[in-house]
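Fold and geometry: a report
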Amino acid sequence: MQRFDVIILGAGAAGMFCAIEAGRRGRKVALIDHARAPGEKIRISGGGRCNFTNLHIGPEKFLSQNQRFALSALRRYTQQDFIERVRRAGIAFHEKTLGQLFCDGSAREIIAMLTNDMRDAGVRLLLGTQVSGVAHGNGFTVQTSAGVFQAPNLVVATGGKSIPKMGATGFGYQLAAQFGQPVVETRPALVPLTFAVEQLEELKPLAGIAVQAEVRCGKAQFREGMLFTHRGLSGPSILQISSYWREGQGIVVDLMPGKDLLPLLEGEKRRNGRQAVHTALATHLPEKLARQIVARVRVQGNLADQSKAALNRVRDAVKNWQLLPVGSEGYRTAEVTLGGVDTDALDARTMQARTMPGLFFIGEVVDVTGWLGGYNFQWAWSSGWVAGQAV
Ligand code: FDA
């Protein structure tokens, strides 16, 4: 039996951050993960450059049954705190867009910073270690392939179900259920959307084309890049809207956000009426897309031949494109998992379960899901940090 003050399950962003803080406070910490390396999702994040936080953190950038739950932790350990840490570690970074901060070099620099800090804080890191069971009674007892561990504090930082190939298991939800903690239903989020055959046939030939688009679903809307793929639609604006989309709902795409197309087409008609409609449209959109839109609304001939009604049909097809997703690519490619351990069951200051002292949930396993853009890592750092002060 190996005794510790704190056992943390999951050496991802949240688990490592919690381990560092607890270790710095003099706690004897064991951090256990079944993966061979820590922070695998950090390594692949942000296209290998890790979008490690965002300058514009606020409750409206998070989805949860209780949107304000995350605020306490996000205020106690802020994006500026993490930025300062990255600076001190000598990691160069830049703002890409919309406040998103990325490493100039590699995401591995963030992992190295965390593993160095863990070593300095005396954290015992056990990788490639299978957890076969957790019991409660006189503290927590964790059965693993590396032996039995016991501690008065157990922190569950096993993440969500996204990308099983990378070690995601949903184990944290099972543990929550075992200990009587409520779990909000989970679903894949920040994920490409898929379409039924008829709409897919229109999208497939455009695979590889990227445009700026404003995508709306209900009250949510995002103006970012959109990518046509062989399976449907992807790119930041689609990933963002996927967190809000539900089965049966349509989405509306504006392919020329911030611009009114009709006066542009009418102006062109006056200036050069002999050009084809798709040629005029192709000054604003990729040509292949422009041709397809014009064909879809059955507008033929030159600009000069078109009635106002015909030009309005083109405008609507560009500015008000109605699509009906039938699903998503699922956990296989989802960046995060929506839902998770119900925040009502947790103390927002510490992440401790209200009904079971010593049990903590942090990071993605909790029902707090950020937008695309560094918000999810900031939640991992902030929730990990507050738990690290409390264990
Ligand atoms: P995380 O999933 O990171 O860690 C959980 C750990 O628990 C893993 O190491 C896993 O092996 C371990 N584990 C799971 N089950 C276990 C079991 N049964 N036994 C033992 N160990 C177990 N976010 C962001 O803010 N900026 C970005 O740039 C990106 N980019 C990005 C790209 C891609 C491709 C993905 C999939 C995700 C992102 N994200 C992101 C989201 C971000 O990666 C995610 O929100 C955090 O990694 C969550 O951190 P956690 O520590 O909570 O879980």
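Numbers given to residues run from 1 along each chain, matching the order in which its sequence is written. In keeping with the predicted nature of the model, local features appear solely for residues at pLDDT of at least 70, side-chain atom pairs appear and are counted solely at 80 or more, and the whole-chain, interface and lining totals rest on all residues. Based on all heavy atoms of the structure, the side-chain values leave hydrogens and waters out of the count.

**As for the pairing of strand 16 (residues 220-228)**
- In this scheme, strands are said to pair when DSSP sees at least two bridges between them. Here a helix means four or more residues in a row that DSSP labels H or I, a strand means two or more in a row labelled E, and each is numbered from the N terminus. Bridge analysis of strand 15 (residues 210-217) against strand 16 gives eight bridges, and the strand direction is antiparallel. Directly across from Val 211, in strand 16, lies its bridge partner Met 226.
- Once strand 15 ends, the chain turns through two residues before running back antiparallel as strand 16, passing Gly 218 with a positive phi of about 55°.
- Both strand 16 and strand 17 (residues 232-234) contribute to a ladder of two bridges, which runs antiparallel. In the strand pairing of strand 17, Leu 227 is matched with Ser 234.
- Connecting strand 16 to the antiparallel partner strand 17 that follows it, the hairpin turn spans three residues.

**A few points about the environment of Lys 165**
- Secondary-structure assignment places Lys 165 in the loop between strand 12 (153-156) and helix 6 (171-178).
- C-alpha of Lys 165 to C-alpha of Thr 333: the two residues are 168 residues apart in sequence and 9.6 Å apart in space.

**What to know about helix 11 (residues 287-296)**
- Think of it in three bands: with a 1.4 Å probe and only protein chains considered, a residue is buried below 20% of the maximum accessible area for its type, exposed above 50%, and partly exposed in between. Taken residue by residue, helix 11 has Leu 289, Ala 290, Gln 292, Ile 293 and Val 294 as its buried positions.
- Here, residues are in contact when the closest pair of their heavy atoms is within 4.5 Å. Check the buried side of helix 11 and you find it contacts helix 7 (197-203), strand 15, strand 16, helix 10 (277-281) and helix 12 (308-319).
- In the stretch just after helix 11, Arg 298 is the one whose phi turns positive, near 55°.

**What to know about the confidence of the model for the protein chain**
- Per-residue confidence from the predictor is reported as pLDDT, a score between 0 and 100. For the protein chain, per-residue confidence averages 97 on the pLDDT scale, and 100% of positions sit at 70 or higher.
- Mean pLDDT across the secondary structure elements of the protein chain bottoms out at helix 7, with 95, and peaks at strand 22 (residues 359-361), with 99.
- Model confidence for the complex is summarised by a pTM of 0.97, with the ipTM given as 0.99.

**Here we look at the packing of aromatic side chains**
- Stacked, edge-to-face and tilted are the three classes for Phe, Tyr and Trp ring pairs, Trp counted by its six-membered ring, which pair at centre distances within 6.5 Å; planes under 30 degrees apart are stacked, over 60 edge-to-face, the rest tilted. As enumerated under the stated definition, the model contains 16 aromatic pairs in all.
- Between Phe 17 and Tyr 77 the ring centres are 5.2 Å apart and the planes differ by 70°, which places this aromatic pair in the edge-to-face class. With Phe 17 in helix 1 (residues 13-24) and Tyr 77 in the loop between helix 3 (71-76) and helix 4 (79-88), this pair connects stretches of sequence that are 60 residues apart. As far as the burial class goes, Phe 17 and Tyr 77 line up, both buried.
- Ring centres of Phe 52 and Phe 93 lie 5.6 Å apart, and the angle between their planes is 85°; on these two criteria the pair is classed as edge-to-face. Of the two residues, Phe 52 is situated in strand 4 (residues 51-54) and Phe 93 in strand 6 (residues 93-95); the sequence distance between them amounts to 41 residues.

**As for the environment of Gly 137**
- Mapped onto the elements of the fold, Gly 137 is located in the loop between strand 9 (131-136) and strand 10 (140-144).
- It is 9.3 Å that separates the C-alpha atoms of Gly 137 and Pro 152, two residues lying 15 residues apart in sequence.

**Examining the nonpolar core**
- For this analysis, a nonpolar core means a set of buried residues of the types Ala, Val, Leu, Ile, Met, Phe, Trp, Tyr and Cys, connected via side-chain atoms within 4.5 Å. With 79 residues, the main nonpolar core has Ile 42, Ile 110, Trp 379 and Trp 381 as its most contacted residues.
- If sequence neighbours within four positions are ignored, Ile 110 has contacts with Ile 42, Cys 50, Phe 52, Val 86, Ile 91, Cys 103 and Trp 381.
- Core analysis: the second largest hydrophobic core is formed by 42 residues, Phe 228, Leu 261, Leu 265 and Ile 293 among them.

**Structural notes on the sheet that holds strand 6**
- Taken in spatial order, the three strands of this open sheet run 4-7-6, and their pairing is antiparallel. Both edges of this open sheet fall to strand 4 and strand 6, since each of them pairs with a single strand only. Averaged over all neighbouring strand pairs, the angle between strand axes comes to 25°, with direction disregarded.
- Looking at chain direction, strand 6 and strand 7 (residues 100-103) are connected through three bridges and run antiparallel. Bridging across to strand 7, Phe 93 finds its partner in Cys 103. All axes are obtained by fitting lines to C-alpha atoms, using only the stretch in contact for helices, and the reported angles, taken between N-to-C directions, cover 0 to 180 degrees.

**Some thoughts on the UniProt feature "domain: RsdA/BaiN/AoA(So)-like Rossmann fold-like" (unreviewed entry) in the protein chain**
- As recorded in UniProt, the sites labelled "domain: RsdA/BaiN/AoA(So)-like Rossmann fold-like" (unreviewed entry) are residues 5-389.
- Taken end to end, residues 5-389 has its terminal C-alpha atoms 13 Å apart, with 31% of it in helix and 25% in strand. UniProt positions are given in the numbering used here, feature names are shortened, and annotations may be inferred rather than shown by experiment.

**As for the site of the ligand**
- In this text, near means that some heavy atom of the residue lies within 4 Å of the molecule or strand in question. Every one of the 28 residues lining the ligand counts as a neighbour, but Asp 33, Asn 51, Thr 169, Glu 364 and Phe 377 are closest to it.
- At 2.5 Å from an oxygen atom of the ligand is found a side-chain nitrogen or oxygen belonging to Asp 33.
- Interatomic distance of 2.8 Å between a backbone N/O atom of Phe 377 and an oxygen atom of the ligand.
- For the shell around the ligand, the elements supplying multiple residues, two or more each, are helix 1, helix 2 (40-44) and helix 13 (375-390).
- For the shell around the ligand, the leading source of residues is helix 13, giving three residues.
- Only Asp, Glu, Lys and Arg are considered charged in this grouping, and only Ala, Val, Leu, Ile, Met, Phe, Trp, Tyr, Cys and Pro are considered nonpolar; every other residue, Gly among them, is considered polar. Of the residues belonging to the shell around the ligand, the class tally is eleven nonpolar, 13 polar and four charged. We call two N or O atoms a polar contact when they sit within 3.5 Å, provided that within protein one can donate a hydrogen and the other can accept it, with sequence-adjacent residues counted only if both atoms are side-chain atoms.

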